[in-house]
Amino acid sequence: GKYAYVVGRNSDNLIVLDATTYAILASIKVGNKPVALAVSGDGSKVYLANRSGNTVAVVNTTTPTSPTLLTQVPVGEEPEGVALLNDGTKLYVTNSDSDTVSIFQVQSGPPYLSLLSTVNVGREPTGVAVTRPGSFVDGDFVYVANREDNTVAVIDTTNDTVVAVILVGKGPKGVTAGIIPTQ
């Protein structure tokens, strides 16, 4: 679409921008210290990690110029990252002070998110990413950067278990798992 979404960490809001005119179209309060977001494939919902509120906010963006807060769902302590599976069926939230990832089933109506499980991944998980279609592996895998133990954990989304922990160097925070060119 022609919209960009911005997390307003210190103003506790989601900001909607027109990506062609660069104008601010809307702003909505979403919780205490939002720090990360993920947008559904059809653009109808935005999921935000509220670090100080220990929640994930679900915002209806079907009409981006007038977003509405649908719910706030409790997660672990100090959530820092959110990622949706490519098919939009599950949401993964890193909880930096709980050393876990909360895994939710995404629902079209209330309660919008249903907790499936919580997985231990490493110390202070921050960034999270899902492999993209056409990537180097078959299926969806979630990569989680664990800042305090200098690792990246890999979660197999078919059974939501950690299948690898990779020592990567000091203080990893961001991670991406996109399409890797092979030629």
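Above this text is the structure in question.
Residues numbered from 1 in each chain as written. Predicted model: local features only at pLDDT ≥ 70, side-chain atom pairs only at ≥ 80, totals over all residues. Heavy atoms only, no water.

J.: Is there a simple way to think about the sheet that holds strand β2 (residues 13-18) in this case?
T.: In a beta sheet, neighbouring strands pair by backbone hydrogen bonds and run either parallel or antiparallel. With antiparallel pairing, three strands are arranged side by side in an open sheet as β1-β2-β3. At either margin of the open sheet sits one strand with a lone partner, and together these are β1 (3-8) and β3 (24-29). Direction aside, the axes of adjacent strands within the sheet are offset by 20° on average. (Pairing = 2+ DSSP bridges. Helix = DSSP H or I, 4+ residues; strand = E, 2+ residues; numbered from the N terminus. Axes fitted to C-alpha atoms, helices over the stretch in contact; angles between N-to-C directions.)

J.: Looking at this structure, I do not really get the pairing of strand β8 (residues 79-84). What am I missing?
T.: Moving residue by residue along a regular strand, the side chains alternate between the two faces of the sheet. In terms of burial, β8 is a largely internal element, six of the six residues being buried. Relative to strand β9 (residues 90-95), β8 is paired through five bridges, and the arrangement is antiparallel. Looking at β9, one finds that alanine 83 is bridged to tyrosine 92. (Buried < 20%, exposed > 50% of the residue type's maximum accessible area, 1.4 Å probe, protein only.)

J.: How do you make sense of the nonpolar core when you look at a structure like this?
T.: For soluble globular proteins, the rule of thumb is that nonpolar side chains tend to be buried together. Ranked by internal contacts, the top residues of the largest apolar core, which has 16 residues, are Tyr47, Val56, Val82, Leu91, Val93, Phe104 and Leu113. Elements that contribute at least two residues to this core include exactly β4 (34-39), β5 (45-50), β6 (55-60), β8, β9 and β10 (100-106). Residues in contact with phenylalanine 104, not counting those within four places in the same chain, are Val73, Pro74, Val75, Thr89, Lys90, Leu91, Val93, Leu113, Ser114, Leu115 and Leu116. The next biggest cluster of nonpolar side chains, apart from the first, holds 13 residues, and it includes Leu85, Tyr92, Val128 and Val144. (Core = buried A, V, L, I, M, F, W, Y, C linked by side-chain atoms within 4.5 Å. Contact = heavy atoms within 4.5 Å.)

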